Amino acid sequence: AQSVTQPDIHITVSEGASLELRCNYSYGATPYLFWYVQSPGQGLQLLLKYFSGDTLVQGIKGFEAEFKRSQSSFNLRKPSVHWSDAAEYFCAVGLIQGAQKLVFGQGTRLTINP
Amino acid sequence: GAVVSQHPSWVICKSGTSVKIECRSLDFQATTMFWYRQFPKQSLMLMATSNEGSKATYEQGVEKDKFLINHASLTLSTLTVTSAHPEDSSFYICSARDLTAGGANYGYTFGSGTRLTVV
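Now for a quick tour of the structure. On a predicted model such as this, the values are computed, not experimentally measured, just so you know. (Residues numbered from 1 in each chain as written. Chains lettered and ligands numbered in written order. Predicted model: local features only at pLDDT ≥ 70, side-chain atom pairs only at ≥ 80, totals over all residues. Heavy atoms only, no water.)

## With respect to the side chain of Gln38(B)
When you line up the elements, Gln38(B) lands in strand β4 (residues 32-38). Apart from the residues within four sequence positions on either side, Gln38(B) is in contact with Gln38(A), Phe90(A), Ser43(B), Leu44(B), Ser90(B), Phe91(B) and Ile93(B). (Helix = DSSP H or I, 4+ residues; strand = E, 2+ residues; numbered from the N terminus. Contact = heavy atoms within 4.5 Å.)

Next comes the structure, spelled out in structure tokens:
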């Protein structure tokens, strides 16, 4: 069965520090990969997505992610975080076949220290 | 870009009553809509997938008779929580996508969510 694992439930970084959020997936083929951000009580905002081509994907708000097929990973990075980046981050796999539904990871809560 | 409007953003209802949540795609035709449930500090759990004009496909463990989903048009899907109980209190989020959009336009657009509290 398809699955997405975000190993870090909660991460705290200082403002201005670099950030990497981990995501690993299990799927029989190369899936569509997404990173979303959710502020408290809000819906999900797409940060970036990967379908094919260049494995380094640039997104909004200065985020980027790298697809590594050999590691089944799609880690999210940002060189310098801002206090406004504090939120919940979800990695998701889009299934290519069938209903093409999304399978979400457990989420990583990001706290920013001033 | 694609926008999905979800209403209401929050609702409080009495136990035993029914609540309807609407999800509208504003600038695209949503051939498929997804309904999720999210408990505090947890991830999104897919409840059901609905295709316009067809019966919804429910995930295992989701009660079809309690969570009624209607997708009567290409821009509107509704989730009705019937005979709500306190354990149904949760954050419900809809998502829509246009299956005709491929390649770089492939994506899912999420509503802003509905906080349901059953008292």
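## Overview of the pattern of salt bridges
Considering all chains together, one arrives at seven salt bridges over all chains under this definition. Of the charged contacts, one joins Glu22(B) and Arg24(B) as a salt bridge, the two residues approaching to 3.5 Å between their closest N and O atoms. A relative accessible area of 34% means that Arg24(B) is categorised as partly exposed. Each of Glu64(A), Glu66(A) and Arg77(A) takes part in salt bridges that share partners, so that together they form one network. (Salt bridge = Lys/Arg side-chain N within 4 Å of Asp/Glu carboxyl O. Buried < 20%, exposed > 50% of the residue type's maximum accessible area, 1.4 Å probe, protein only.)

## Re the state of the cysteines
The full count for this structure, using the stated rule, is two disulfides over all chains. The partner cysteine of Cys23(A) in its disulfide is Cys91(A), sulfur to sulfur 1.9 Å. Handedness of the Cys23(A)-Cys91(A) disulfide follows from its S-S torsion of about -65°: it is left-handed. Residue Cys23(A) is located in the loop between β3 (19-21) and β4 (24-26), and its partner Cys91(A) is located in strand β10 (residues 87-94); the two are separated by 68 residues in the primary sequence. Relative accessible area serves as the criterion here: at 0%, Cys91(A) is assigned to the buried category. Across the disulfide, Cys23(B) is cross-linked to Cys94(B) (sulfur-sulfur distance 2.0 Å). The chirality of the disulfide connecting Cys23(B) with Cys94(B) is right-handed, given an S-S dihedral of about 80°. Here Cys23(B) is found in strand β3 (residues 19-25), whereas its partner Cys94(B) is found in strand β9 (residues 90-97), with 71 residues between them in sequence. According to the relative accessible area criterion, Cys23(B) is buried, its value standing at 0%. Cysteine Cys13(B) shares no disulfide, and the gap to the nearest cysteine sulfur, in Cys94(B), comes to 18 Å. (Disulfide = S-S within 2.5 Å.)

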